[in-house]
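Each chain, letter by letter, is given below.
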Amino acid sequence: MLSTMEVIYMILIAGELTMGIWGNGFIVLVNCTGWLKRRDVSVIDIILVSLAISRICLLFVISLDGFVICISGDTYAGSKLMSIVDVFWTLSNHSSVWFTSCLSIFYLLKIANISHPFFIWLKLKINRVVLGIFLMSFLTCVIISVSLNEYFWDPFQVSHKENITWEFKVSKIPNGFKLVILNLGAIIPFGLCLTSFLLLLFSLFRHTRQMKLYAIGSRDPSTEAHMRAIKAVIIFLLLFVMYYAVFLVVTSSLLIPQGKLVVMFGGMIAVIFPSSHSFILIMGNSKLREAFLKVLRIVKGFCKRRKPFREHKQGEWERKRQAPNGGA
């Protein structure tokens, strides 16, 4: 029988899952529709669609993990299902972070104005460079996920067969430790995002100084593009730090009493990252923003048309209800 806390937790996770799937699914739908219309695929569209799909998978994995912990937490810990969830969590999590770093690098090369020869070369080869980083990122994610399954799980599972009770107590430490070690690889894409942010900031300051020198207006298109990119990267960095802080807390909760409550709370916080960041991406991309506002206008118009119809039906129901009293 589920407790009140577990029921509330499952409802909140289901709500966050729905919001995240809606936002990321919208990104996939808009871009795939554009591909069918244009018969052309751009690098930014590939990154956005891949990022959205990885976020949807991450949301499903986190939610599945939370639901199973509530329903059968005792049998779930140390089980084969937990091993499979760990692998898919690592793959979707690393894919999400690496693809976001590719997006940050794309913004940097597209917007920043830095006069260094190497940066100019990268800017001229932007599609090849970003696509190459994207493919290497995905390959890295697959290798890390396979490593989690092949080199960590199986040896720990085989080495504690004598005593099942002791196996469960001891295997909690390697399982949490292996996740921490393997997911330290996310520091690299985080560093790339941070570097992109600093270089964008440097480019913005340099651009602003040039505008003051030549007495140009402070809100030109280049400045606006810099500010949008910087805001997007800052929001990602803040959400990412919060997400990984929660992940470390959840991992350490394997070693303390009442760890289930910590895992539940951490799961609710962790889902915020892949759910909310999709809407930041929508509002930061002109094509996605226009499609999103168009959907909102359609929904608003539909609600306005439904309101008179609902009032008319309610009036008819009131008249029918009062008719027998009037006849009497």
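Since we're looking at a predicted model, the values are computed, not measured. (Residues numbered from 1 in each chain as written. Predicted model: local features only at pLDDT ≥ 70, side-chain atom pairs only at ≥ 80, totals over all residues. Heavy atoms only, no water.)

## Focus: the overall build of the chain
The secondary structure content of the chain amounts to 11 helices and 0 strands. Along the chain, helices and strands appear, N-terminal first, in the series α-α-α-α-α-α-α-α-α-α-α. Residues classed as buried in the chain amount to 42% of the 328 residues present. Contacts spanning at least 24 positions in sequence make up 79% of the contacts within the chain whose residues lie at least 6 apart. (Helix = DSSP H or I, 4+ residues; strand = E, 2+ residues; numbered from the N terminus. Buried < 20%, exposed > 50% of the residue type's maximum accessible area, 1.4 Å probe, protein only. Contact = heavy atoms within 4.5 Å.)

## Thoughts on the pattern of salt bridges
Inspection of every chain in the model, using the stated rule, returns 2 salt bridges. Put simply, Asp 45 and Arg 38 hold a salt bridge, and the shortest N to O gap is 3.0 Å. For Asp 45, the salt bridge is made with Lys 287, and the minimal N-O distance between the two is 3.1 Å. With Asp 45 in helix H2 (residues 43–76) and Lys 287 in helix H11 (residues 286–327), this residue pair connects regions lying 242 residues apart in the sequence. Assessed through its relative accessible area of 27%, Lys 287 is described here as partly exposed. (Salt bridge = Lys/Arg side-chain N within 4 Å of Asp/Glu carboxyl O.)

## Remarks on the UniProt feature "transmembrane region" (unreviewed entry) in the chain
Residues given the UniProt feature "transmembrane region" (unreviewed entry) here are residues 6–30, 42–67, 87–109, 129–148, 180–205, 232–256 and 262–284. For residues 6–30, the helix share is 100%, the strand share is 0%, and the end-to-end C-alpha distance is 36 Å. Summarising residues 42–67: 96% helix, 0% strand, and an end-to-end C-alpha distance of 38 Å. (UniProt positions renumbered as here; feature names shortened; annotations may be inferred.)

## Notes on the packing of helix H3 (residues 80–111) against helix H4 (residues 117–124)
With their axes 9 Å apart at the nearest point, H3 and H4 run at an angle of 105° to one another. The angle between the axes of H3 and H4 places the two elements in the roughly perpendicular class. Contacts from Leu 108, Leu 109, Lys 110 and Ile 111 of H3 reach H4 at Phe 119, Leu 122 and Lys 123. Along the lines of polarity and charge, the residues of the contact of H3 with H4 split into 5 nonpolar, no polar and 2 charged. (Axes fitted to C-alpha atoms, helices over the stretch in contact; angles between N-to-C directions. Parallel < 35°, antiparallel > 145°, perpendicular 65-115°, else oblique. Nonpolar A, V, L, I, M, F, W, Y, C, P; charged D, E, K, R; others polar.)

## Thoughts on the nonpolar core
Ranked by internal contacts, the top residues of the largest apolar core, which has 67 residues, are Leu 103, Leu 109, Leu 200 and Tyr 243. Apart from the residues lying within four places of it in its own chain, the contact partners of Tyr 243 are Leu 58, Ile 62, Trp 89, Asn 93, Ala 270 and Phe 273. (Core = buried A, V, L, I, M, F, W, Y, C linked by side-chain atoms within 4.5 Å.)

## Some thoughts on the packing of helix H1 (residues 4–38) against helix H10 (residues 272–284)
As a packed pair, H1 and H10 sit with axes 8 Å apart at the nearest point and diverge in direction by 35°. As for the relative orientation of H1 and H10, their crossing is left-handed in sense. Residue-level inspection shows Glu 16, Met 19, Gly 20, Trp 22, Gly 23, Asn 24, Phe 26 and Ile 27 of H1 in contact with H10, the latter providing Ile 272, Pro 274, Ser 275, Ser 278, Phe 279, Leu 281 and Ile 282. Taken together, the residues of the contact of H1 with H10 break down into 9 nonpolar, 5 polar and 1 charged. (Left-handed = near helix turned anticlockwise from the far one by under 90°.)

## Let's talk about the packing of aromatic side chains
Applying the stated criterion across every chain, the model contains 7 aromatic pairs. Relative to Phe 279, the ring of Trp 22 lies with its centre 6.1 Å away and its plane at 10°, an arrangement referred to as stacked. Of this pair, Trp 22 sits in helix H1 while Phe 279 sits in helix H10, and the two are 257 residues apart along the sequence. With relative accessibility at 42%, the residue Trp 22 sits in the partly exposed group. Relative to Phe 134, the ring of Phe 99 lies with its centre 4.8 Å away and its plane at 25°, an arrangement referred to as stacked. (Phe/Tyr/Trp six-rings, centres within 6.5 Å; stacked < 30°, edge-to-face > 60°.)

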